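An overview of the molecular structure
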Amino acid sequence: LSLDVFAPSECIAGSHFAHLLWSAFWPWALILVVLIGVALWASVKQYQGASALRHGRAAALRSVCAEAMVHTLPFVLILTFCVVTATSLRIFKTFICDSFTYDDLTGVARSYLRADYSLDCDSAEYRSIRDWTFGLIALWPAGVPILYLT
């Protein structure tokens, strides 16, 4: 599942880096919103029962957090399962550069990112994006399967 279903990335303004960050972080933002919503629901439900006051605030907070995590976990697993492939593909596209001969007489070639031909693969901007990409690899293609193992 990718947001490209609703609007292809070519139709949305922004650089490859902006698209990369958007596709990597929107699922986690949605998970955070759902987690906060479930925690609020659990705290309202618990305080309506008035049992929280008998056991103390720390125990009540621990109980609300545990209930929110348990209720949010299926959503997290389903969402990450649906988006891990598309997000990983966008992350790995950062390493694919196409080389073009710039000067036929000297044989000088320049390489550009296939996902965004306005980005020179020899530039400092590309190196910065590539450094971010290594962190995103730890988060998505490597991190999500580790999440499933735990």
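Values in this document were obtained by computation on a predicted structure and should not be read as measured data. (Residues numbered from 1 in each chain as written. Predicted model: local features only at pLDDT ≥ 70, side-chain atom pairs only at ≥ 80, totals over all residues. Heavy atoms only, no water.)

What follows deals with a nonpolar patch on the surface. The grouping of Leu73, Leu77, Phe81 and Tyr148 at the surface amounts to a nonpolar patch, some 380 Å² of accessible area in total. By residue number, the principal contributor to the nonpolar patch is helix H3 (residues 57-92), which donates 3 residues. Judged by its relative accessible area of 61%, phenylalanine 81 falls in the exposed class. (Patch = residues over 30% accessible without salt bridge, like charges linked within 9 Å, V, L, I, M, F, W, Y side chains within 5 Å. Areas by Shrake-Rupley, 256 points an atom, 1.4 Å probe, with all protein chains shown as cover. Salt bridge = Lys/Arg side-chain N within 4 Å of Asp/Glu carboxyl O. Helix = DSSP H or I, 4+ residues; strand = E, 2+ residues; numbered from the N terminus. Buried < 20%, exposed > 50% of the residue type's maximum accessible area, 1.4 Å probe, protein only.)

Time to look at the environment of threonine 72. Relative to the elements of secondary structure, threonine 72 occurs in helix H3. Of the residues examined, threonine 72 reaches a relative accessible area of 3% and is grouped as buried. Separated by 41 residues in sequence, threonine 72 and isoleucine 31 have C-alpha atoms that sit 7.9 Å apart. Here threonine 72 is in contact with Ile31, Val34, Leu35 and Val38, once residues within four sequence places are set aside. (Contact = heavy atoms within 4.5 Å.)

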